Amino acid sequence: MRLISALALASALMLGGGVAGAQEKVLSERGDVSIEQQSKVDMFRPEKDKETIPRNYDKQPPLIPHSIKGYNINQNFNKCMDCHSAERFKETGATKVGDTHYLDRDGKKHANISPRRYFCMQCHVPQFDAKPLVENTYKPAAKRGQQ
Ligand code: HEC
Ligand code: HEC
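Everything in this summary refers to the structure shown in the same document. (Residues numbered from 1 in each chain as written. Chains lettered and ligands numbered in written order. Predicted model: local features only at pLDDT ≥ 70, side-chain atom pairs only at ≥ 80, totals over all residues. Heavy atoms only, no water.)

### Things to note about the coordination of the iron atom of ligand 2
Okay, step 1: Only His101 (NE2) and His124 (NE2) from the protein coordinate the iron atom of ligand 2, and they sit 2.0 Å from it.
Okay, step 2: One can describe the donor arrangement at the iron atom of ligand 2 as octahedral, given that its six donor atoms subtend angles of 87 to 178° at the metal. In this pair, His101 sits in the loop between helix 4 (89–92) and helix 5 (142–145) while His124 sits in the loop between helix 4 and helix 5, placing the two residues 23 residues apart along the sequence. Exposure class is identical for His101 and His124. Each is buried. (Donors = N, O, S within 2.8 Å, 3.2 Å for Na, K, Ca; no water. Tetrahedral: all angles 85-135°; square planar, octahedral: opposite > 155°, others 65-115°. Helix = DSSP H or I, 4+ residues; strand = E, 2+ residues; numbered from the N terminus. Buried < 20%, exposed > 50% of the residue type's maximum accessible area, 1.4 Å probe, protein only.)

Below, the structure written as structure tokens:
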């Protein structure tokens, strides 16, 4: 019984804390702009398609140098592989996805893209004209910087 009342007291205290917390004004990176308002504004424009972008360090997933508008990836079809697969890259002029993209977690090579690499945008990102939110002094790894 004593345990139960202790729990009841604890949750009452937590609830109380929650109410007090809700009164404080929490500001996000958006400032005072609501998500609804922000999504109406065309904030960032995709950069123009260009040549491949130099990489900053070894094993970096290369940045996507072109628009990906309408390039869908679903259960049945992967638009990216339409150009980037080993079978199609010559025709399309796209960089062939490396062997790593065909390996499963046990290092076994498959004829098709590995499920681990199916959702390209987990690792590869297109470029927008967005300014960095915070200043940074990052420099490419020495060897890569020359590229
Ligand atoms: C219509 C063909 C086509 C489609 C579809 C396509 N790409 Fe590309 N992609 C290219 C071409 C061509 C290049 C090379 C650009 C150049 O060198 O000018 C490229 C370059 C890239 C690169 C840079 C490679 C490097 O070596 O730096 C990445 C990453 C990439 N694409 C990812 C993707 C992803 C992810 C998708 C799907 C969302 C996709 N691409 C869909 C044609 C395509
Ligand atoms: C789990 C992360 C991950 C996913 C998912 C992924 N990639 Fe990659 N990708 C990488 C990394 C890391 C590299 C650089 C090293 C390498 O080639 O493995 C790379 C390299 C590449 C390259 C350049 C290959 C070369 O030889 O220079 C292309 C093109 C590419 N990826 C396209 C794709 C496409 C298209 C998809 C989706 C079908 C995809 N990637 C999914 C991580 C990923």
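### Here we look at the coordination of the iron atom of ligand 1
Angles between donor atoms at a metal ideally measure 109.5 degrees for a four-coordinate tetrahedral arrangement and either 90 or 180 degrees for a six-coordinate octahedral one.
Okay, step 1: Bound to the iron atom of ligand 1 on the protein side are His66 (NE2) and His84 (NE2), at distances that span 2.0 Å.
Okay, step 2: We classify His66 as partly exposed; its relative accessible area is 25%.
Okay, step 3: Judged by relative accessible area, which is 22%, His84 ranks as partly exposed.

### What to know about unusual backbone geometry
What you tend to see is this: most non-glycine residues have negative phi, and most peptide bonds are trans.
Okay, step 1: At Lys59, a residue that is not glycine, the phi angle is positive and equals roughly 65°.
Okay, step 2: With respect to the element layout, Lys59 can be found in the loop between helix 2 (35–40) and helix 3 (79–84).

### Observations regarding the pattern of salt bridges
Pairing of side chains with opposite charge becomes possible as their charged atoms draw close.
Okay, step 1: All chains considered together, the criterion is met by six salt bridges.
Okay, step 2: A salt bridge links Asp82 to Lys79, with the nearest nitrogen and oxygen atoms 3.1 Å apart. On the criterion of helical spacing, the pair formed by Asp82 and Lys79 is a turn pair, its members being three residues apart in helix 3.
Okay, step 3: When its relative accessible area of 28% is taken as the criterion, Lys79 is described as partly exposed.
Okay, step 4: In this structure, the salt-bridge partner of Glu91 is Arg88, at a minimum N-O distance of 2.8 Å.
Okay, step 5: According to the relative accessible area criterion, Glu91 is exposed, its value standing at 62%.
Okay, step 6: On the basis of relative accessibility, which here comes to 28%, the residue Arg88 falls in the partly exposed class.
Okay, step 7: Look at the salt bridges and you will find they share partners, linking Lys79, Asp82, Arg88 and Glu91 into a network. (Salt bridge = Lys/Arg side-chain N within 4 Å of Asp/Glu carboxyl O.)

### Observations regarding the site of ligand 1
Okay, step 1: If you check the shell around ligand 1, you find 22 residues, and the closest are Arg55, His66, Cys80, Cys83 and His84.
Okay, step 2: Here a nitrogen atom of ligand 1 and a side-chain polar atom of His66 are 2.9 Å apart.
Okay, step 3: Here an oxygen atom of ligand 1 and a side-chain polar atom of Thr95 are 3.3 Å apart.
Okay, step 4: A molecule is said to occupy a pocket when more than half its atoms come within 2 Å of that pocket's grid points, and by this definition ligand 1 occupies the largest pocket.
Okay, step 5: Counting residues per element, the shell around ligand 1 draws most heavily on helix 3, at four residues.
Okay, step 6: Broken down by class, the residue content of the shell around ligand 1 amounts to eleven nonpolar, seven polar and four charged. (Near = heavy atom within 4 Å. Polar contact = N/O pair within 3.5 Å; in protein donor to acceptor, adjacent residues only side chain to side chain. 1 Å grid on protein atoms, 1.4 Å probe; cavity = no way out; pocket = protein on both sides within 12 Å on 5 of 7 lines; lining within 4 Å. Sits in = over half its atoms within 2 Å of the grid points. Nonpolar A, V, L, I, M, F, W, Y, C, P; charged D, E, K, R; others polar.)

### A look at the site of ligand 2
Okay, step 1: Residues in close proximity to ligand 2 total 23 residues, the closest being Thr100, His101, Cys120, Cys123 and His124.
Okay, step 2: Interatomic distance of 2.6 Å between a side-chain N/O atom of Thr100 and an oxygen atom of ligand 2.
Okay, step 3: At 2.8 Å, a side-chain N or O of His101 approaches a nitrogen atom of ligand 2.
Okay, step 4: A molecule is said to occupy a pocket when more than half its atoms come within 2 Å of that pocket's grid points, and by this definition ligand 2 occupies the largest pocket.
Okay, step 5: Of the residues belonging to the shell around ligand 2, the class tally is ten nonpolar, eight polar and five charged.

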